[in-house]
Protein chains: 2
Amino acid sequence: MLIATSLTMHFDDVLPLQSGASIRDYDLSYETYGRLNADKSNAVLICHALNASHHVAGTYAGQDRSEGWWDNMIGPGKPVDTDKFFVIGVNNLGSCFGSTGPMQPDPDAPAGSGKVYGADFPVVTVEDWVDAQARLLERLGIEVLAAVMGGSLGGMQALSWTLQYPQRVRHAVVVASAPNLTAENIAFNEVARRAIVTDPDFHGGNFYQYGVIPKRGLRIARMIGHITYLSDDVMNEKFGRTLREPASKATAAAQGRPKQGTAPSGGSAAHAVASVGAYQYSTQDVEFQIESYLRYQGDKFAEYFDANTYLLITRALDYFDPARRYGGNLSQALAGARAGFLLVSFTTDWRFSPKRSREIVKALLDNNRDVSYAEIDAPHGHDAFLLDDPRYMGVVRSYFDSKVASPTHRAGEQSS
Amino acid sequence: MLIATSLTMHFDDVLPLQSGASIRDYDLSYETYGRLNADKSNAVLICHALNASHHVAGTYAGQDRSEGWWDNMIGPGKPVDTDKFFVIGVNNLGSCFGSTGPMQPDPDAPAGSGKVYGADFPVVTVEDWVDAQARLLERLGIEVLAAVMGGSLGGMQALSWTLQYPQRVRHAVVVASAPNLTAENIAFNEVARRAIVTDPDFHGGNFYQYGVIPKRGLRIARMIGHITYLSDDVMNEKFGRTLREPASKATAAAQGRPKQGTAPSGGSAAHAVASVGAYQYSTQDVEFQIESYLRYQGDKFAEYFDANTYLLITRALDYFDPARRYGGNLSQALAGARAGFLLVSFTTDWRFSPKRSREIVKALLDNNRDVSYAEIDAPHGHDAFLLDDPRYMGVVRSYFDSKVASPTHRAGEQSS
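Reading guide: rules and limits
- Residues numbered from 1 in each chain as written.
- Chains lettered and ligands numbered in written order.
- Predicted model: local features only at pLDDT ≥ 70, side-chain atom pairs only at ≥ 80, totals over all residues.
- Heavy atoms only, no water.
- Helix = DSSP H or I, 4+ residues; strand = E, 2+ residues; numbered from the N terminus.
- Buried < 20%, exposed > 50% of the residue type's maximum accessible area, 1.4 Å probe, protein only.
- Contact = heavy atoms within 4.5 Å.
- Buried area = accessible area lost by both parts, 1.4 Å probe.
- Salt bridge = Lys/Arg side-chain N within 4 Å of Asp/Glu carboxyl O.
- Polar contact = N/O pair within 3.5 Å; in protein donor to acceptor, adjacent residues only side chain to side chain.
- Nonpolar A, V, L, I, M, F, W, Y, C, P; charged D, E, K, R; others polar.
- Core = buried A, V, L, I, M, F, W, Y, C linked by side-chain atoms within 4.5 Å.
- Pairing = 2+ DSSP bridges.
- Axes fitted to C-alpha atoms, helices over the stretch in contact; angles between N-to-C directions.
- Least-squares fit on C-alpha atoms with pLDDT ≥ 70 in both.
- UniProt positions renumbered as here; feature names shortened; annotations may be inferred.

## Looking at the overall build of chain A
(1) Moving on: Looking only at helices and strands, chain A has 11 helices and 14 strands in total.
(2) Moving on: Split into buried and exposed, the 416 residues of chain A put 61% on the buried side.
(3) Moving on: Intrachain contacts of chain A at a sequence separation of at least 6 include 75% that bridge at least 24 residues.

## With respect to the interface of chain A and chain B
(1) Moving on: Facing the 69 residues of chain A at the interface are 69 residues of chain B.
(2) Moving on: Approximately 5,600 Å² of surface area, both sides summed, lies buried where chain A meets chain B, with 60% of it carried by carbon and sulfur atoms.
(3) Moving on: The largest share of the area that chain A buries against chain B comes from Arg241(A), Tyr281(A) and Arg324(A), three residues that together contribute 14% of it.
(4) Moving on: Along the contact surface separating chain A from chain B lie 8 salt bridges.
(5) Moving on: The closest approach of N and O atoms between Glu190(A) and Arg295(B), which form a salt bridge, is 2.7 Å.
(6) Moving on: Taken together, the links from chain A to chain B amount to 30 residue pairs in polar contact (both at pLDDT 80 or more).
(7) Moving on: For the side of chain A that touches chain B, the secondary-structure elements that each account for two or more residues are helix H3 (183-197), helix H4 (215-229), helix H5 (232-238), helix H7 (289-304) and helix H8 (307-319) of chain A.
(8) Moving on: In terms of residues, the side of chain A that touches chain B owes the most to one element, H3(A), which gives 11 residues.
(9) Moving on: Partitioning the side of chain A that touches chain B into residue classes produces 34 nonpolar, 18 polar and 17 charged.

## Points about the pattern of salt bridges
(1) Moving on: Tallied over the full model, the rule gives 50 salt bridges over all chains.
(2) Moving on: A salt bridge links Arg315(A) to Asp318(A); the nearest nitrogen and oxygen atoms lie 2.9 Å apart. Within this pair, Arg315(A) and its partner Asp318(A) are both found in helix H8, separated by 3 residues, close to a single helical turn. No difference in accessibility class separates Arg315(A) from Asp318(A), as the two residues are buried.
(3) Moving on: One salt bridge connects Glu291(B) with Arg315(A), and the closest N-O pair in it is separated by 2.7 Å. Note that Glu291(B) is positioned in helix H7 (residues 289-304) and Arg315(A) in helix H8, a pairing that runs across two chains. For the residue pair Glu291(B) and Arg315(A), the accessibility class agrees, reading buried in each case.
(4) Moving on: Within the structure, one salt-bridge network assembled from shared partners comprises Glu190(A), Arg193(A), Arg315(A), Asp318(A), Glu291(B) and Arg295(B).

## Some words on the nonpolar core
Generally speaking, soluble globular proteins have nonpolar side chains that are buried together.
(1) Moving on: Counting residues in each nonpolar core, the largest one holds 267 residues, and the members touching the most others are Tyr392(A) and Tyr392(B).
(2) Moving on: With residues near it in sequence (within four places) discarded, Tyr392(A) still touches Trp70(A), Met73(A), Val175(A), Val344(A), Phe346(A), Ile376(A), Ala384(A), Phe385(A) and Leu387(A).

## Observations concerning the sheet that holds strand E13 (residues 340-346) of chain A
Residues and elements named next belong to chain A.
(1) Moving on: Strand order in this open sheet of 8 strands is E2-E5-E10-E6-E11-E12-E13-E14, and the pairing throughout is mixed. The sheet terminates laterally at strand E2 (7-11) and strand E14 (371-376), the two strands that pair on one side only. Shown here is a sheet whose adjacent strand axes are inclined to one another by a mean of 20°, direction ignored.
(2) Moving on: The sheet contact formed by strand E12 (residues 171-175) and E13 spans 5 bridges and is parallel. The partner of Val173 across the bridge, within E13, is Leu342.
(3) Moving on: Where helix H11 (residues 390-404) meets the sheet, it contacts strand E6 (43-47), strand E11 (147-151), E12, E13 and E14, and its direction lies at approximately 180° from that of E13.

## Comments concerning the relation of the copies chain A and chain B
(1) Moving on: Its rotation angle being 180°, the transformation that places chain A on chain B also includes 0.0 Å of axial translation and leaves an RMSD of 0.0 Å. In the structure described here, the two chain copies are related by an operation that fits a two-fold rotation axis.
(2) Moving on: When you check the interface residues of chain A against chain B, 100% turn up at the interface there too, and the contact is symmetric in its surfaces.

## A closer look at the side chain of Asp318(B)
(1) Moving on: Note on Asp318(B): relative accessible area 0%, which makes it buried.
(2) Moving on: Side-chain polar atoms of Asp318(B) contact the side chain of Asn189(B), separated by 2.8 Å.
(3) Moving on: Each residue touching Asp318(B), except ones within four places of it in the same chain, is listed here: Arg241(A), Tyr279(A), Phe288(A), Glu291(A), Leu181(B), Ile186(B), Asn189(B) and Arg193(B).

## Examining the UniProt feature "active site" (unreviewed entry) in chain A
Residues and elements named next belong to chain A.
(1) Moving on: Following the UniProt record, one finds the feature "active site" (unreviewed entry) at Ser152, Asp349 and His382. These annotated residues cover 231 residues of sequence, but their C-alpha atoms sit close together, with the largest distance between any two at 10.6 Å.
(2) Moving on: Mapped onto the secondary structure, Asp349 falls in the loop between E13 and helix H10 (354-366).
(3) Moving on: Residue classification places Asp349 among the buried positions, given a relative accessible area of 1%.
(4) Moving on: Sequence-distant contacts of Asp349, defined by excluding residues within four places in its chain, comprise Ala176, Pro354, Gly381 and His382.
(5) Moving on: A polar contact of 2.8 Å, which involves the side chain of Asp349, links it to the backbone nitrogen of Phe352.
(6) Moving on: Position of His382 among the secondary structure elements: in the loop between E14 and H11.
(7) Moving on: Of the residues examined, His382 reaches a relative accessible area of 4% and is grouped as buried.
(8) Moving on: Here Asp349 takes part through its side chain, which lies 2.7 Å from a polar atom of the side chain of His382.

What follows is the structure in structure tokens.
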């Protein structure tokens, strides 16, 4: 069993941000798994998505249920094999799992005031996160990454690495991601943000000093997220129109779900047409199982996730758009990439659809890059990237075994 | 030009509801267009969807911008031709446009208290609405409908008419509808309801007596609705990733939209990759056009729509499921229908997808019913049912001209 330890690196120097602002005196939380080899050529950086952290793999000593969010993917003998690779997970700036974020003291506040950043935490972008990750790697003595890998927003970071630091990354594994968000995705983010910002307990982002948390808004944000991470089909398969169970039973079922995302387990499958019990005819009580599932997920999320972090991270998603400065021409935008690429998408992912991954594939091929692409026929929607599909796992394993582990493709060098 | 007049019918008698509760001393608001013919055989009932009303066609005398929500479909010379048909629009019980609803005085409250129903308004279902509509038609002297027609939730009412009153309806036109909601649709409804119910200004549904309106929740509910009424493609076409305009300009653009639903006009088309101006790097301000559009729509809706009505109507959507009492067997559920049917769906409608309409078609064919079905290739998502697609309009026109206007298919009689 892989035992993980959360580490922290402090940075005194100033990190300039894309917005023109900067951040100083910040911490990054990170974890590492496996051993860095003698020539430091086996490092793999894992980038996280919206609500995850640097705790990517393994479990914390003495703590049950503390598995990393990609523990099925990363570890000894797993597709990203920590017997071969030195894997690094890092919590992004602005997040709420250890790295400096809105809940931490603002160094620009009057001394002794203890004021936290709150709404004053600067807007951070995918590019800023990559810059911060690059500095962490420098401190760890890692010049070149064997690979950078991530799903969803994490995939955006992996892609951005190949553009910002083309000489420092040999391979990029971009899973269930996109070259930018569609209007629909921005719209879902915006509704979630409005729910948080208009919660009277938000206090313009400075709720900490009032001793409250905008839980109503966070709950709504999380419920919207859950709906969009799943496919219509898997929601029908899992919940259908089945009526509520007694509260205790529903809670137990809901607790069996993964830490990040909303992946349904195989448990209490219910078909769309199943109908047991009688309607209670209420507009406010839970009537359908899907309702108690969403309420439970919303409640849980509101307990641990920071509201300002939610705003920051969804904004980073909205802003990412490497083709923007090229008038929307993604092929031009990716011309500077030198890495080898594996892209993976999932057929029922309507939030980051295969079409979006294919846009990246096409733009890379326009530049004669080395690209592997797998479109996995999976029913689970966007959440599929966190789940154990054997074809998905097989594709990643084989890419790491045959390409990343091989020294033939060097960073900054075109392979063709 | 068709001039419309809003009428009201009062009902003293008790209407038993599906929940076991009942309602008494209620009003129904309605409008009629065209003339009932001598043998009263040309009546067409139009059922409305979530946020619409009995004002289906025409305009109110002396009022600009008062067009009915289906004015493109219904009127002199239009697909449902009021020169031939006597068309009736009715506002459903529990709505907020004239018929008795949560904002009206509760007859069971202590005399003189003036207490409105509020949260005590009974839960109403599609079946209850149909019962109320049937009583209205009796009062109007209409024994048999030439047709009943509706889109979305209105289509559910049209379908239910053929099951509850098979002898009283010759044709049913069911547009962009479904035999029940999927789990995903229930989920979106639930998030919207939670946003309303958890708004501190909701006061358990009795906000009227506090002189406040749960506008925060209504805004969120409406924003979610708008996203799901549009297709991803049309949202990209219309808004893409275009940045905000100055406030005045954005408002003017938004005001050009239809009364019900969210149909984009052809106006300021912007491609997904267009990028003008610079990011302002803010988590709370409007950055993208899609955000100002959604905020505007949310604000407008919160001004006129009743929060309790929103709960009631989304619940009626959730509950509708004629196959439920047949263990999910839709063919058995529709065995009692005698009407001729026209079903219409739209390819990009992901909320009431063509697949759901095809389920109804199949179940009707299993019972050897007369069914016409048109799947319209339209980009506009669910909103397409309110828009002017020439093929859509043509299909409806030809169905009314050739089938509804013809006396060959009598109510309660199988045509084959």
